[in-house]
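# Structural description and commentary
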Amino acid sequence: MDKLHLDWALYEASGQRLFDYLNTLHEGHQHIWLFGHNPGLNELVDISTGKEIGNIVTGAIVTLRWQTEHWDKLTPKQAVLADIKIPPKQPE
C-alpha cells in the first residue's frame, strides 16, 4: 500500500468533492492527511460535522474523527471536530 498518494484533482476541490473522495478510500487506511486550501477545506468540515468553524487559516491542522471503520460508510454530519491547531502569528 502506498504511503503517499498525490492527487492534483483534489488541490482546489470543493468540500463535497473532498468528502466524496474520502468515501472511495480503501479500508486499510486508518489515518488520512488532506492538504489543500479554502474554501474546500472549510466546506469539508461543514459537511462532515454539520458545524461551521469559520475560516481555516493557512498552516492550520484540523482533525476530524468518524466512528466507523469503513470509509464508504461516511455520511454528512457524522464526524466530530477533534482538534484545530493554528500556527502562531509571526512578528512583522
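Note: the structure precedes this text.
The sections below set out a description of the structure shown in this document. (Residues numbered from 1 in each chain as written. Predicted model: local features only at pLDDT ≥ 70, side-chain atom pairs only at ≥ 80, totals over all residues. Heavy atoms only, no water.)

## Details of the overall build of the protein
A tally of regular secondary structure across the protein gives two helices and two strands. The order of helices and strands in the protein, counted from the N terminus, is α-α-β-β. What you see for the protein is a C-alpha radius of gyration of 14 Å, in line with the 12 Å of a compact globule of 92 residues. By the burial criterion, 25% of the 92 residues in the protein qualify as buried. At a minimum sequence separation of 6, the contacts of the protein that also span at least 24 residues come to 53%. A total of about 7200 Å² of accessible surface is found on the protein, and carbon and sulfur atoms cover 53% of it. Within the protein, one finds 8 positive and 12 negative side-chain charges whose respective centroids are separated by 6 Å. (Helix = DSSP H or I, 4+ residues; strand = E, 2+ residues; numbered from the N terminus. Rg over C-alpha atoms; globule rule 2.2 N^0.38 Å. Buried < 20%, exposed > 50% of the residue type's maximum accessible area, 1.4 Å probe, protein only. Contact = heavy atoms within 4.5 Å. Areas by Shrake-Rupley, 256 points an atom, 1.4 Å probe, with all protein chains shown as cover. Lys, Arg positive; Asp, Glu negative; His and termini not counted. Charge placed at Lys NZ, Arg CZ, Asp CG, Glu CD.)

## Topic: the nonpolar core
Of all hydrophobic cores here, the largest spans 17 residues; its most connected members are Leu 18, Phe 19, Leu 22, Trp 66, Trp 71 and Leu 74. Secondary-structure elements contributing two or more residues to this core are α1 (15-22) and α2 (40-49). If sequence neighbours within four positions are ignored, Trp 71 has contacts with Leu 22, Asn 23, Leu 25, His 26, Glu 27, His 29, Gln 30, Ile 32 and Trp 66. (Core = buried A, V, L, I, M, F, W, Y, C linked by side-chain atoms within 4.5 Å.)

## Focus: the packing of α1 against α2
Relative to each other, α1 and α2 sit at 60°, their axes nearing to 7 Å. With respect to their mutual orientation, α1 and α2 come out oblique. When you trace α1 past α2, the crossing you get is right-handed. Taking contact as the criterion, the partners of Gly 15, Gln 16, Leu 18, Phe 19 and Leu 22 in α1 are, on α2, Gly 40, Leu 41, Glu 43, Leu 44, Ile 47 and Ser 48. Each residue belonging to the contact of α1 with α2 can be placed in one class, and the counts come to six nonpolar, four polar and one charged. (Axes fitted to C-alpha atoms, helices over the stretch in contact; angles between N-to-C directions. Parallel < 35°, antiparallel > 145°, perpendicular 65-115°, else oblique. Left-handed = near helix turned anticlockwise from the far one by under 90°. Nonpolar A, V, L, I, M, F, W, Y, C, P; charged D, E, K, R; others polar.)

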